Amino acid sequence: MSAPVAPTPVLVLVHRAGSELPAGVPQRVCCLRSTTRGSRAVVYRSAAQQGVVGVVDFVSDAVPREGGRGWAADGVFRPVEPYVPRAALLDDPDLAGVFTHLQSRRRLPGPAGRRLRQVLDGSASL
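Residues numbered from 1 in each chain as written. Predicted model: local features only at pLDDT ≥ 70, side-chain atom pairs only at ≥ 80, totals over all residues. Heavy atoms only, no water.

Colleague: What should I look at first to understand the overall build of the protein chain in this one?
Modeller: When its secondary structure is counted, the protein chain shows 3 helices and 7 strands. Traced from its N-terminal end to its C-terminal end, the protein chain shows the element sequence β-β-β-β-β-β-α-α-β-α. Whereas a compact globule of 126 residues would reach a radius of gyration of roughly 14 Å, the protein chain reaches 14 Å, a difference of no more than 12%. Taking the principal axes of the C-alpha coordinates as reference, the protein chain spans close to 40 × 40 × 25 Å. Here the protein chain, with 126 residues, has 40% of them falling under the buried criterion. (Helix = DSSP H or I, 4+ residues; strand = E, 2+ residues; numbered from the N terminus. Rg over C-alpha atoms; globule rule 2.2 N^0.38 Å. Buried < 20%, exposed > 50% of the residue type's maximum accessible area, 1.4 Å probe, protein only.)

Colleague: Quick question: what am I supposed to make of the environment of E81 here?
Modeller: One can find E81 in strand 6 (residues 71-85). Between the C-alpha atoms of E81 and G54, which are 27 residues apart in sequence, the distance is 8.1 Å.

Colleague: How should the pattern of salt bridges be read in this particular structure?
Modeller: Proximity of charged atoms lets side chains of opposite charge pair with each other. One pass over the full model with this rule turns up 4 salt bridges. For D74, the salt bridge goes to R28, with nearest N and O atoms at 2.9 Å. Remark: R28 occurs in strand 2 (residues 27-31) and D74 occurs in strand 6; sequence separation between them is 46 residues. One salt-bridge network, held together by shared partners, links R40, D57 and R78. (Salt bridge = Lys/Arg side-chain N within 4 Å of Asp/Glu carboxyl O.)

Colleague: Sorry if this is basic, but what is going on with the packing of aromatic side chains here?
Modeller: When we look at a pair of aromatic rings, we describe it by the centre distance and by the angle of the planes. Taken as a whole and assessed by the stated rule, the structure comprises 1 aromatic pair. The interplanar angle of 35° and the centroid separation of 5.5 Å between the aromatic rings of Y44 and F99 together place this pair among those described as tilted. With Y44 in strand 3 (residues 40-46) and F99 in helix 2 (residues 96-99), this residue pair connects regions lying 55 residues apart in the sequence. On the basis of relative accessible area, F99 is assigned to the buried category, the value being 1%. (Phe/Tyr/Trp six-rings, centres within 6.5 Å; stacked < 30°, edge-to-face > 60°.)

Colleague: Help me out: how do you make sense of the pairing of strand 3 in this one?
Modeller: Residues in a regular strand project their side chains so that they alternate between the two faces of the sheet. Across the 7 residues of strand 3, 7 count as buried, placing the element largely inside the fold. Bridging between strand 1 (residues 11-16) and strand 3 involves 6 bridges; their strand directions are parallel. Following the sheet pairing, L11 is matched in strand 3 by A41. Judged from the 6 bridges that link them, strand 3 and strand 4 (residues 51-58) form a sheet pairing that is antiparallel. Following the sheet pairing, V43 is matched in strand 4 by G54. Taken together, strand 3 and the strand that follows it, strand 4, pair antiparallel across an intervening segment of 4 residues, in which A47 is found at a positive phi of about 70°. (Pairing = 2+ DSSP bridges.)

Colleague: Any chance you could explain helix 3 (residues 110-121) here in plain terms?
Modeller: Taking 1.5 Å of rise per residue, the 12 residues of helix 3 would be expected to cover 16 Å, and the 16 Å separating its terminal C-alpha atoms lies within 8% of that figure. Taken residue by residue, helix 3 has A112, G113, R115, L116 and V119 as its buried positions. Down the axis of helix 3, the smallest arc covering the buried residues is 165°, so these residues share one side. (Expected span 1.5 Å × (residues − 1). Arc of directions from axis to C-beta.)

Colleague: Just checking my understanding: could you explain the nonpolar core for this structure?
Modeller: For soluble globular proteins, the rule of thumb is that nonpolar side chains tend to be buried together. Counting 15 residues, the largest nonpolar core has V12, L89 and F99 as its most contacted members. Put simply, the parts of the chain that give this core at least two residues each are strand 3, strand 4, helix 2 and helix 3. It is helix 3 that contributes the most residues to this core, 3 residues altogether. Membership of the second largest hydrophobic core comes to 14 residues, among which are L32, V43, V56 and A73. (Core = buried A, V, L, I, M, F, W, Y, C linked by side-chain atoms within 4.5 Å.)

Here's what the structure looks like:
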């Protein structure tokens, strides 16, 4: 029996170094309004040691945050080791446009999401 295929990431969440999410624990995560249960996001660490450090698998749909400031959904963070450094992301033609000027959170274009899925699954390298 073959291993299940991981979902293709559809968004990027940016977290500052030192504010990483605890692994394996469902928690409320800031996201896009379009986030649905079963969606996957990559987590990009800004500041020190920039790069993709993990994924969040969402276990609920997005709901408005208290105070009407954005959207959030329950998700489970899973770290990736080793993390994917920013320099490697910028060297890849499918990913450079996404990670050159990254702020807060954003959608991933289809080719970039598929490329990240390959890299994170270990079926491709940067």
